[in-house]
Amino acid sequence: MKVRAFLIGLAIVAGVMVAAPAAHALVLDLTSDHCTGGCGTPPFGTVTLLQNGGTVDVTVHLNSPNQFVKTGSADFMAFKFNAVDVVLGDITVNQNAPKPLAAEHGVFNGDGTGNFFFGIDCPTCGNGASDKFNSDIIFHVANAVINDLIHTNSAGIVFVADIIGSTGNTGPVDVTEGGIGGSIIPEPATLLLLGSGLLGLGLAGRVRRLRRK
């Protein structure tokens, strides 16, 4: 009976390991500086992409003292990106900045950073650094996977943020093609799988010991 109970437990663990998806976050650094006169020392921040079922959660974080601004050099977008098989209606934006943020679709190619077709902007913010902010930009892209959002444009750039840096200069900083490798950070679901796997190995060892008795 003890052996049977352990075998049932092992089967349950195996089922959990098969059923639970291996979630992960891809973290990319904003390192390339297109600011006139320079915006300071990189990395200026990070772009984190998390696969959450059929949705990609995107968080754009700026390291202090960098802040988001609204300048023509970035087409008045706080953040720009491209996406494959995504429409504007797939994108929802968290409203955690001082003023409302919105997703936009168009052709954005300011300051030699190449063509982008999606952006996150602050429609009611004043131009320049008058309404600068450091809150994370957080948005969600439905019906997508991470690979849909990390395609480089003709200039070899993946993402662009419009910032004012430690130097007081403004302009675009970006993730370039060379930065796509990024860092993959296990999320709780992945850690749960690892723990379940170790538990399964422990149960298997216990079953072998019982059979020898």
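Residues numbered from 1 in each chain as written. Predicted model: local features only at pLDDT ≥ 70, side-chain atom pairs only at ≥ 80, totals over all residues. Heavy atoms only, no water.

This brings us to the nonpolar core. One recurring pattern in soluble globular proteins is that nonpolar side chains are buried together. Counting 41 residues, the largest nonpolar core has L49, F79, I137, F139 and F159 as the members making the most contacts within it. The contact partners of L49, leaving out residues within four places of it in the chain, are H24, A25, L26, L28, V56, D57, V58, I146, L149, I150 and F159. Formed by five residues, the second largest nonpolar core is a distinct cluster that contains M77, F116, I157 and V160. (Core = buried A, V, L, I, M, F, W, Y, C linked by side-chain atoms within 4.5 Å. Buried < 20%, exposed > 50% of the residue type's maximum accessible area, 1.4 Å probe, protein only. Contact = heavy atoms within 4.5 Å.)

This next bit is on the pattern of salt bridges. Enumeration according to the criterion identifies two salt bridges in this entry. Across the salt bridge formed by D131 and K99, the nearest N and O atoms sit 3.3 Å from each other. Of this pair, D131 sits in strand β10 (residues 128–133) while K99 sits in the loop between β7 (91–93) and β8 (102–108); the two residues are 32 residues apart in sequence, bridging distant segments of the chain. Take D131: its relative accessible area is 26%, and that puts it in the partly exposed class. (Salt bridge = Lys/Arg side-chain N within 4 Å of Asp/Glu carboxyl O. Helix = DSSP H or I, 4+ residues; strand = E, 2+ residues; numbered from the N terminus.)

We now examine the side chain of K80. Summarising the element assignment, K80 is placed in strand β6 (residues 79–81). Looking at K80, its side chain comes within polar contact range of the side chain of D75, at 2.7 Å. Excluding residues that lie within four positions of it along the chain, K80 makes contacts with A74, D75, F108, N109, G110, T113, F116, F118, G119, V158, F159 and V160. (Polar contact = N/O pair within 3.5 Å; in protein donor to acceptor, adjacent residues only side chain to side chain.)

On to the side chain of T46. The residue T46 is located in strand β3 (residues 45–52) in this model. Residue T46 is classed as buried on the basis of its relative accessible area of 18%. Setting aside anything within four residues of it in sequence, one finds T46 in contact with V27, L28, D29, L30, T59, V60 and H61.

Enumeration according to the criterion identifies two disulfides in this entry. C35 shares a disulfide with C39; S-S distance 2.1 Å. Looking along the S-S bond of the C35-C39 disulfide, the torsion reads about -90°, which is the left-handed sense. Accessibility expressed as a relative area gives 8% for C35, which makes it buried. Taking relative accessible area as the criterion, C39 reaches 0% and is therefore assigned buried. Across the disulfide, C122 is cross-linked to C125 (sulfur-sulfur distance 1.9 Å). Sign of the S-S torsion, about 70° for the bond between C122 and C125, identifies this disulfide as right-handed. Of the residues examined, C122 reaches a relative accessible area of 5% and is grouped as buried. Here the protein pairs its bonded cysteines, counted in sequence order, in the arrangement 1-2, 3-4. (Disulfide = S-S within 2.5 Å.)

With that out of the way, let us pick up the confidence of the model for the protein. Mean pLDDT over the protein works out to 83, with 73% of the residues at or above the 70 mark. Under a pLDDT of 50 for its full length, residues 5–21 has, in the predicted model, 22 contacts with residues more than four places off or in other chains. Taken as a whole, residues 186–199 scores under 50 in pLDDT and shows 19 contacts with residues more than four places along the chain or in a different chain. (pLDDT = per-residue confidence, 0-100.)

Relative to the helices and strands, D57 is located in strand β4 (residues 55–62). Sequence-wise, D57 and A25 are 32 residues apart; in three dimensions their C-alpha atoms are separated by 9.2 Å. Beyond its immediate stretch of four places on either side in the chain, D57 contacts T48, L49, L50, N52, F139 and H140. There is a polar contact of 3.1 Å between the side chain of D57 and the side chain of N52.

In total, this model carries six aromatic pairs according to the counting rule given. A ring pair is formed by F79 and F139, whose centres lie 6.0 Å apart and whose planes are at 50°; its orientation type is tilted. Linking F79 in strand β6 with F139 in strand β11 (residues 137–142), this pair joins segments that are 60 residues apart in sequence. Comparing F79 with F139 shows no difference in burial state: the two are buried. Here F81 and F118 contribute two aromatic rings whose centre-to-centre distance is 5.5 Å and whose plane-to-plane angle is 20°, an arrangement assigned as stacked. Of this pair, F81 sits in strand β6 while F118 sits in strand β9 (residues 116–121), and the two are 37 residues apart along the sequence. Both residues of the pair, F81 and F118, count as buried. Here a set of aromatic residues connected by ring pairs shows up, and it is made of F79, F81, F118, F139 and F159. (Phe/Tyr/Trp six-rings, centres within 6.5 Å; stacked < 30°, edge-to-face > 60°.)

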